[in-house]
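# Topology and contacts: notes
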There are 2 protein chains.
Amino acid sequence: MTGRGEIHVFPVPGLPEVTEGFDLGGAVAANVDLQAGDVVAISQKVVSKSEGRLVRLATVEPGARASGLAERLGKDPRLVELILGESRSVIREDSDRGILITETVHGLVCANSGVDSSNLPETDAALLLPEDPDESARRIRRQIASSCGVRTAVIVSDSLGRAWRLGQAEVAIGCAGIAPLEDWRGRTDSSGRELSATVIATADQVAAAADLARNKTSRTPAVLIRGLAHRVTEGHGPGCASQLRPAAEDLFR
Amino acid sequence: MTGRGEIHVFPVPGLPEVTEGFDLGGAVAANVDLQAGDVVAISQKVVSKSEGRLVRLATVEPGARASGLAERLGKDPRLVELILGESRSVIREDSDRGILITETVHGLVCANSGVDSSNLPETDAALLLPEDPDESARRIRRQIASSCGVRTAVIVSDSLGRAWRLGQAEVAIGCAGIAPLEDWRGRTDSSGRELSATVIATADQVAAAADLARNKTSRTPAVLIRGLAHRVTEGHGPGCASQLRPAAEDLFR
């Protein structure tokens, strides 16, 4: 295992407002000088926009369950219908904050199935998560390789709330070219002692690092992380689906 | 709010094996050229060691509750006694993995009250978390200022497991000179639209970024993060205690 050293994190400049069909990987490759081993973290919002995941609320017909929940939560029933549609189950109802904590169709646990109805140019619309964030990451990775021939890793990130802790932190919801988890179990340190670090959520940590460089008041949805070339793999890898704790093993459902 | 830009993350070299009474802040200041606005992230282990939080298991007398739990978990009852002693409550018992998820005396929710019995030079010993990680951060911050006169922020970090997601990620358990949470609610972006980002767990994200630069097989417990000067405050700030979700408001107890 090679040592680690300096990490540079910087935003990719010059990305325009993203609409459906936009070549995100190509735009990143055009706006920054990518090096082999770079990791590109892209926020879920622009990925969803490029994939046409925008839904006009006027097209949504709320069912009985959504209407009932919406009343309890003080939310638009059409939004609740979308949230339910993007979920496998509702884990908690938080009427105080007007949110549903759900397990999404992907197996992610987060607020409101990641459905976002704020900060959109379109009024009365909502943005769903990508249908398959790992496939999104793979596609963008291929776009980058096609554009400039450089091997990178791509992370699709989103800001999620956490149990027990206030605030949201950026985590990886999709990835390609990097393993989301690093397994340090059984390894020894330089003195031969077994390391206590177990399985490290590397992709999540990269997503968090990327967010530190992001300027929230202007468009910097894509961020470059340089210095993790030893983590970038030839193959796409197992994706972020592999880091979700199976419901049967999860003590917090 | 000033924009964000490039972030540099690099390990502080040259720190020796830390023992009780060690001047961590002074050592960091001596081993790296600190600049105003630098953030220093230090892993909890060396902070605990410097504070004499090492306990010889031979000195621990397990009570009845600890003995009973230890049998179910397949753990050393003296270790369980320490875990219980460092906790306010047991939230979950995971006999499969032999861990107790507890709320620590600080209000942190984590495995085994953060008590660590691996990777120690001393056999048959365990390392407790710092008694007050925010005070630890303040102390180290003062040590740095005394040594070199530079204003920094200090984060005491630890690798914690998460609900719903596999693996552990580094988070901030103590901090000084940086607010753990950034409140973006109600702010607008460059087009005047209200931002959807709510409260960002900045200190946790910094801890995660720091861990990416850390070399786990050799001694790099302290990591410098440069580029966040706009986040470093004159005062110590509210500390990480302010980012713990109060039990009464937490849906996952």
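Note that the coordinates shown come from a computational prediction; the quantities given were computed from them, not determined experimentally. (Residues numbered from 1 in each chain as written. Chains lettered and ligands numbered in written order. Predicted model: local features only at pLDDT ≥ 70, side-chain atom pairs only at ≥ 80, totals over all residues. Heavy atoms only, no water.)

As a further point, take the pattern of salt bridges. Enumeration over the complete set of coordinates arrives at 42 salt bridges over all chains. Here the salt bridges share partners, and the residues they tie into one network are Arg88, Glu103, Asp250 and Arg253 of chain A. (Salt bridge = Lys/Arg side-chain N within 4 Å of Asp/Glu carboxyl O.)

A separate point is the domain arrangement of chain A. Residues and elements named next belong to chain A. Taken domain by domain, chain A comprises domain 1 (8–46 + 130–245) and domain 2 (55–126). A C-alpha centroid distance of 26 Å is found between domain 1 and domain 2. Each partner contributes residues to the interface: domain 1 has eight residues there, and domain 2 has nine residues. The three residues of domain 1 that bury the most area against domain 2 are Lys45, Leu160 and Leu244, which together make up 57% of that side's buried surface. Across the domain 1-domain 2 interface, the total number found is one salt bridge. (Domains from an automatic or database assignment. Contact = heavy atoms within 4.5 Å. Buried area = accessible area lost by both parts, 1.4 Å probe.)

Below, the discussion takes up unusual backbone geometry. Residue and element names in this part refer to chain A. One non-glycine residue, Ser113, lies in positive phi territory at about 50 degrees. Tracing the chain through its elements places Ser113 in the loop between strand E6 (109–111) and strand E7 (125–127). Even without being a glycine, Trp164 presents a positive backbone phi close to 70 degrees. By the element assignment, Trp164 lies in the loop between strand E8 (153–161) and strand E9 (168–176). (Helix = DSSP H or I, 4+ residues; strand = E, 2+ residues; numbered from the N terminus.)

Two modes of strand pairing occur in sheets, parallel and antiparallel, and in both the strands are linked by backbone hydrogen bonds. Residues and elements named next belong to chain B. Read across the sheet, three strands follow the order E4-E5-E6 without closing on themselves; strand pairing throughout is antiparallel. Two strands in the sheet have a free side with no partner beyond their single neighbour: strand E4 (87–94) and strand E6 (109–111). Averaged over all pairs of adjacent strands, the angle between their axes in this sheet comes to 25 degrees, without regard to strand direction. Sheet analysis places strand E5 (residues 99–104) next to E6, joined by three bridges and oriented antiparallel. Paired with Ile101 across the bridge in E6 is Ala111. Against the sheet, helix H3 (residues 64–73) makes contact with E4 and E5, and its axis sits at roughly 25 degrees relative to E4, the strand it touches most. (Pairing = 2+ DSSP bridges. Axes fitted to C-alpha atoms, helices over the stretch in contact; angles between N-to-C directions.)

This part takes up the confidence of the model for chain A. Across chain A, the average pLDDT comes to 93, with 94% of residues at or above 70. With pTM at 0.95, the complex prediction returns an ipTM value of 0.95. (pLDDT = per-residue confidence, 0-100.)

With that out of the way, let us pick up the pairing of strand E2 (residues 39–43) of chain B. Residue and element names in this part refer to chain B. The buried fraction of E2 amounts to five of the five residues, a majority that puts the element mostly inside the structure. Here E2 shows a buried face lined by Val39, Ala41 and Ser43 and a second buried face lined by Val40 and Ile42. In terms of strand pairing, E2 meets strand E12 (residues 222–226) through four bridges, oriented antiparallel. Bridge pairing links Ala41 to Val223 in E12. (Buried < 20%, exposed > 50% of the residue type's maximum accessible area, 1.4 Å probe, protein only.)

Residue and element names in this part refer to chain A. On the basis of which strands lie adjacent, the open sheet formed by three strands has the order E4-E5-E6 and antiparallel pairing. If you trace the sheet from one side to the other, it starts and ends with strand E4 (87–94) and E6, each paired once. Pairs of neighbouring strands in the sheet enclose a mean axial angle of 25 degrees, with direction left out of account. Bridge count for E4 against strand E5 (residues 99–104) is six bridges, and the pairing is antiparallel. Within the sheet, the bridge partner assigned to Val90 lies in E5 and is Thr102.

Let us now look at the pairing of E12 of chain B. On any regular strand, side chains alternate: one points to one face of the sheet, the next to the other face. Residues and elements named next belong to chain B. The element E12 is extensively covered by neighbouring structure, given that five of its five residues are classed as buried. Taking every second residue as pointing to the same face, both faces of E12 are buried, with Ala222, Leu224 and Arg226 on one and Val223 and Ile225 on the other. When strand E1 (residues 7–11) meets E12, the two strands line up antiparallel, connected through four bridges. Of the residues in E12, the one forming a bridge with His8 is Arg226.

Turning our eyes to something else, we now look at the side chain of Gln143 of chain B. Residue and element names in this part refer to chain B. Tracing the backbone shows Gln143 in helix H5 (residues 133–148). By relative accessible area, which is 18% here, Gln143 ends up buried. Non-local contacts of Gln143, meaning those with residues more than four positions away in its chain, are made with Asp23, Leu24, Gly25 and Gly26.

Now for the relation of the copies chain B and chain A. The operation relating chain B to chain A is a screw motion whose rotation component is 180 degrees, with 0.0 Å of axial translation and a residual RMSD of 0.0 Å. On this basis, the relationship between the two copies can be described by a two-fold rotation axis. Looking at chain B, 100% of its interface residues are interface residues in chain A too, so the copies touch through the same face. (Least-squares fit on C-alpha atoms with pLDDT ≥ 70 in both.)

Let us now look at the packing of helix H1 (residues 24–31) of chain A against helix H5 (residues 133–148) of chain A. Residue and element names in this part refer to chain A. Contact geometry of H1 with H5 gives a least axis separation of 7 Å together with a crossing angle of 45 degrees. Here H5 runs oblique to H1, going by the angle between their axes. Note that H1 runs across H5; the crossing there is right-handed. Note on element contacts: H5 touches H1 through Ile140, Gln143, Ile144, Ser147 and Cys148, opposite Leu24, Gly25, Gly26 and Ala29. Within the contact of H1 with H5, the residues separate by chemical class into five nonpolar, four polar and no charged. (Parallel < 35°, antiparallel > 145°, perpendicular 65-115°, else oblique. Left-handed = near helix turned anticlockwise from the far one by under 90°. Nonpolar A, V, L, I, M, F, W, Y, C, P; charged D, E, K, R; others polar.)

Quick look at the environment of Leu73 of chain B now. Residue and element names in this part refer to chain B. You can see Leu73 is positioned in helix H3. Its relative accessible area of 7% is what places Leu73 among the buried residues. As a C-alpha pair, Leu73 and Gly114 span 41 residues in sequence and 16 Å in three-dimensional space. Those residues in contact with Leu73 that lie beyond four places of it in its chain are Asp94, Ser95, Gly98, Ile99 and Leu100.

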